[in-house]
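Fold and geometry: a report
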Amino acid sequence: QYSPDSVAGADGEIDPTEITFLGCSCRSSSCVAPECPCLCRGENYSSSLCLRLAEQQEQHFSRPVFECNSLCQCGDGCQNRLVQRGLQLRLQVFRTERKGWGVRALEPIPRGRFVCEYAGEVLGFAEAHRRIRAQTAQDPNYIIAVREHLHDGRVMETFVDPTRIGNVGRFLNHSCEPNLFMVPVRVDSMVPKLALFAAADISAGEELSYDYSGRFHNLPGTSREHKPLEEENSLRKPCYCGSRTCASFLPWDSSLFSTP
């Protein structure tokens, strides 16, 4: 079932559409910092509606991204409303030679531009763990576990499964040298939208990909990927990205396979 936005999963533990953030009282057509409390919470977009990549790379930790929401008094044309507008680019799902389905751009995409969301069912840990355990080695795994490392040492986890309900993001392939990277963007609540941005200028016809492990544009050691145990090797899938630094296997995170 195609859905442009994430929905509450079968366990009903987390509703991504719930509105818990207060809106700003800005009266201008487009909010500006430091007057807008939404912009003051974290990172904001440039005048060209691109994420400020250089500033993120220079900091030890990336600043969070908060967009104006449905309770804000600014207009729909506010430049701090980007990911919530959904897909704005022309993309194509196509059949690759060795990787199954893939997604390619049908128009040039500048560096820092929002491309699409990875949408699906937002699950709690227990349901995500149950679904992973029910999979066989032949089943494709679309469940993504995103962990945000806070400055005080806490870790916030978000699990999204587009297997049954999702959008074009579910067809994006992994690459060890990707041209997209994922950023959690918050609009109405602390449940983030998993937004994919261009890591470099992308040409029309180029396949889109991101690093499933979360290594790309993040600090070393923040991923839970590790060398799997001997009995886990049968669950690993080969990587066909073809990059110079290809790791030969798709990223491996055993946290959802192990007993909680």
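As recorded in an unreviewed UniProt entry, the protein chain goes by the name Histone-lysine N-methyltransferase SETMAR, listed as coming from Dicrurus megarhynchus. Listed under Catalytic activity (unreviewed entry) in UniProt, the entry text for the protein chain is "L-lysyl(36)-[histone H3] + 2 S-adenosyl-L-methionine = N(6),N(6)-dimethyl-L-lysyl(36)-[histone H3] + 2 S-adenosyl-L-homocysteine + 2 H(+)".

Enumeration over the complete set of coordinates arrives at six aromatic pairs. Ring geometry for Y210 and Y212: centres 5.0 Å apart, planes at 55 degrees, overall tilted. Overall, Y210 belongs to the buried group, its relative accessible area being 4%. Taking the relative accessible area as the measure of exposure, Y212 reaches 32% and is therefore partly exposed. Ring pairing ties together the aromatic residues F114, F181 and F197, which thus form one cluster. Stacked on the ring of Y142, the Lys or Arg R170 has its end atom at 4.2 Å from the ring centre. The ring centre of F171 lies 5.1 Å from the NZ or CZ of R170, which sits over that ring.

Right, let's get into the sheet that holds strand 6 (residues 121-123). Strand order in the open sheet formed by four strands is 1-6-8-7, and the pairing between neighbours is mixed. Across the chains shown, the open sheet's two edge strands, defined by having one partner strand only, are strand 1 (7-8) and strand 7 (144-149). Judged from the six bridges that link them, strand 7 and strand 8 (residues 155-161) form a sheet pairing that is antiparallel. From the neighbouring strand, H149 faces strand 8, where its bridge partner is V155. Packing against the sheet, helix 3 (residues 125-134) makes contact with strand 6 and strand 8, and its axis sits at approximately 110 degrees to strand 6.

Another point: the sheet that holds strand 12 (residues 207-210). If you walk across this open sheet you meet the four strands as 3-4-12-9, and the pairing is mixed. Looking at strand neighbours, the two that pair on one side only are strand 3 (91-95) and strand 9 (173-174), the edges of this open sheet.

As a further point, take the environment of A137. Tracing the sequence through the fold places A137 in the loop between helix 3 and strand 7. Residue A137 is classed as partly exposed on the basis of its relative accessible area, which comes to 29%. Remark: the alpha-carbon pair of A137 and K237, spanning 100 residues in sequence, is separated by 8.4 Å.

Attention shifts here to the side chain of R131. Turning to its location among the elements, R131 is positioned in helix 3. Accessibility expressed as a relative area gives 6% for R131, which makes it buried. A distance of 2.8 Å separates polar atoms of two side chains, one belonging to R131 and the other to E127. Once residues lying within four places of it in the same chain are set aside, the contact partners of R131 are A10, E121, L123, I143, D161 and R164.

Analysis parameters
Residues numbered from 1 in each chain as written. Predicted model: local features only at pLDDT ≥ 70, side-chain atom pairs only at ≥ 80, totals over all residues. Heavy atoms only, no water. UniProt positions renumbered as here; feature names shortened; annotations may be inferred. Phe/Tyr/Trp six-rings, centres within 6.5 Å; stacked < 30°, edge-to-face > 60°. Buried < 20%, exposed > 50% of the residue type's maximum accessible area, 1.4 Å probe, protein only. Lys NZ or Arg CZ within 6 Å of the ring centre and 35° of its normal. Pairing = 2+ DSSP bridges. Helix = DSSP H or I, 4+ residues; strand = E, 2+ residues; numbered from the N terminus. Contact = heavy atoms within 4.5 Å. Axes fitted to C-alpha atoms, helices over the stretch in contact; angles between N-to-C directions. Polar contact = N/O pair within 3.5 Å; in protein donor to acceptor, adjacent residues only side chain to side chain.

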